[in-house]
Amino acid sequence: MPAPTLYSSAAGAATARRVLLRPLRRTLLAGLPTAAPPLQSSANTTARSLTISSTVRPTAATTTQQRPLQPRRRPQPLPQTHSPTPQPALLTQPAARRRAYHSHDHPPPPGPFTPAEQALLSAAYARVPQHGFTAEALALGARDAGLLDISPAVLPDGGVFGLIRWHLYTQRTALAGKVEEIFGSSGGGGRDGGDGGEALGKGQAPLTTVADKVEALAWARLQANEAIVGHWQEALAIMAQPSYVPASLKELALLADEILYLAGDVSVDPSWYTKRASLSAIYAAAELFQTTDQSPGFRETRAFLRRRLDEAAQAGATVRSVGEWLIFNAGAAVNVLRSKGVRI
Amino acid sequence: MDDGDGNVTGDRGRLRGEGRRLVASLESDTTTAALPAQSRRTHTPAPSLNDRTALIVIIFFFLLLLLPKPTTRIANRLLATTTDAEEEKAAHPAQRSFLSSALRVNQAGELAATLIYTAQTPPVVAREPHLRPLMRHMYEQEAGHLRTFEALVARHRVRPTALYPLWSALAAGLGWTTGVMSREAAMACTEAVETEIGGHYNGQIRTLLEMVAGWEAEGYDVGDEFRDLIATLRRIRDEELEHLDHAIEHDAKKAQPHWLLTGIIRAGCRGAIWVSERV
């Protein structure tokens, strides 16, 4: 079958051209004479070629001498030793575009990992419980997948953040498959189960309200951390590095959106934003709590999660009540004035 | 019913005047999207080695852009993350972002329309009670449109507009102001908003028809999802243009100063549409 389809229309071609030109434009701008990039490994240089940076880096000469203040000039660029190569999909595919418009008839867009990355990261992920989110796990995983030990070097920065992101991505997408198990015969145990650490099948009544479903889904996602929770503090430290913060926050936002969608929330007013923001904060706090939780089956984490969700529900109810009161009284005042003949 | 071109249209018998002209423009318009204008760097009088190299690099990339479609396909394959089979069926990311921004701006527009009618009705009807059935009919149609788009936004997991409270306040303010001014001003506001909305929906239907035609030309079966979406947009566009006709029947053109009122409101609508597509 011939190739991608969707350029046969002129509008599609124009938009596709615009979409595809963005990485070319960026590499073009990066190739223009700007500051000299410092000597680095090839993986980092290709990653850097996508950012537009024009800071002048201090060399030995400038730092040792006391130069008077001068206007910045462009230094001579280093000769180009390689041409920009196509980047792995982790870098080229912006997250925002992946998320637009979920279609029920058409298959979803491809995930953020290429098939080669998927093979490597899934094999390395099996090694994480023992070795943590480290280069060791990646090397052993590469060996398990039948690749060379050096293969993870093709991932940006050695692939450690890629491994963390693999964990976040696979656990998030696995929630959709577990929905019946979580809600149906089990599930979260409603609001009165005391022992939260048992397995999911508890034989309780199926969950009906959105709030209960949200709690059940968040708890299921926390349970999925069980294998790697010992290494999760280290992973959080890596995620907190400035270059990884946007991607980490994006994954958190996608998780909150997924949980609320699977729980059946269909509101599309400003509460869409407030619900996702508060659920993201609650989940992040619960996950952090989980890293120090030693209780059997993370019972304390479950209680923590329930307390935070209750607080959020109470705060939401309070704000809603105050808003309703204000709107009602404003409308009543306007109507009273109208009934008195004021022309408003 | 079918018109001569084989397009299935809704019942257009009730559209008159401007409404009919705007609809006809959809069926006959064959403009295609133009290439983005290319800009070239001017040659400096005494280019250094670096500037000349940069110039050659830039010209090389522009030539690359001007190459025909297979080059873009090659570039896409380099960045491809799926097999051919998956990629053929999945919608292109640019099309997905078009669909999501289209649904977002439509929901915002219908929200604004319902709030305009809600705010306009009391002052207008206080002066002219015989307009109550008309205002109620138009309000109920807009409320139905809003429910439709809210359901679509939730179903397709589209992010609603972040400026929802701002649009609510502005729409209520606009409706109340024009309602208090006069009945003609209220009708002129409706005329301006519905003209912009009609053209906006026309553009969306046109783009969706192009997308569907592109898929069908490649031999793929376009599912009900997009056909239903196009039919829904057509129906809603026709109802909006019906409102336009009602507004003109009720002396929208007699508002003073008509050009200023409609100019400001139409410019505001275009700005709000542009912002809602993005934010």
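Residues numbered from 1 in each chain as written. Chains lettered and ligands numbered in written order. Predicted model: local features only at pLDDT ≥ 70, side-chain atom pairs only at ≥ 80, totals over all residues. Heavy atoms only, no water.

Caption draft 1: Quick peek at the UniProt feature "binding site: Fe cation 2" (unreviewed entry) in chain B. Residues and elements named next belong to chain B. With numbering aligned to this structure, UniProt lists the feature "binding site: Fe cation 2" (unreviewed entry) at Glu-142, Glu-194, Glu-240 and His-243. With the annotated positions falling across 102 residues, the maximum pairwise C-alpha distance of 11.2 Å places them together in a single cluster. Relative to the elements of secondary structure, Glu-142 occurs in helix α6 (residues 132–155). When neighbours within four sequence positions are excluded, Glu-142 is seen to be in contact with Glu-110, Ala-113, Thr-114, Tyr-117, Glu-194, Glu-240 and His-243. Tracing the chain through its elements places Glu-194 in helix α8 (residues 183–217). A relative accessible area of 2% places Glu-194 in the buried class. When neighbours within four sequence positions are excluded, Glu-194 is seen to be in contact with Tyr-117, Glu-142, Glu-240, Leu-241, His-243 and Leu-244. (UniProt positions renumbered as here; feature names shortened; annotations may be inferred. Helix = DSSP H or I, 4+ residues; strand = E, 2+ residues; numbered from the N terminus. Contact = heavy atoms within 4.5 Å. Buried < 20%, exposed > 50% of the residue type's maximum accessible area, 1.4 Å probe, protein only.)

Caption draft 2: Quick look at a nonpolar patch on the surface. Residues and elements named next belong to chain A. A grouping of Val-322, Trp-325 and Leu-326 is seen on the molecular surface, where their side chains present a nonpolar patch of about 340 Å² in accessible area. Here Trp-325 shows up in helix α15 (residues 299–339). A residue is classified by how much of its surface remains accessible, and Trp-325, at 57% relative accessible area, is exposed. (Patch = residues over 30% accessible without salt bridge, like charges linked within 9 Å, V, L, I, M, F, W, Y side chains within 5 Å. Areas by Shrake-Rupley, 256 points an atom, 1.4 Å probe, with all protein chains shown as cover. Salt bridge = Lys/Arg side-chain N within 4 Å of Asp/Glu carboxyl O.)

Caption draft 3: Main features of the UniProt feature "binding site: Fe cation 1" (unreviewed entry) in chain B. Residue and element names in this part refer to chain B. Mapped onto this structure's residue numbering, the UniProt feature "binding site: Fe cation 1" (unreviewed entry) falls at Glu-110, Glu-142, His-145 and Glu-240. These annotated residues cover 131 residues of sequence, but their C-alpha atoms sit close together, with the largest distance between any two at 10.2 Å. Within the secondary structure, Glu-110 sits in helix α5 (residues 93–127). Accessibility expressed as a relative area gives 1% for Glu-110, which makes it buried. With respect to the helices, strands and loops of the structure, Glu-240 is situated in helix α9 (residues 224–249).

Caption draft 4: Representation of a negative patch on the surface within the structure. Negative charge collects at one region of the surface, where Asp-105 of chain A together with Asp-221, Asp-224 and Asp-228 of chain B lie side by side. Secondary-structure assignment places Asp-221 of chain B in the loop between α8 and α9. Relative accessible area serves as the criterion here: at 62%, Asp-221 of chain B is assigned to the exposed category. (Lys, Arg positive; Asp, Glu negative; His and termini not counted. Charge placed at Lys NZ, Arg CZ, Asp CG, Glu CD.)

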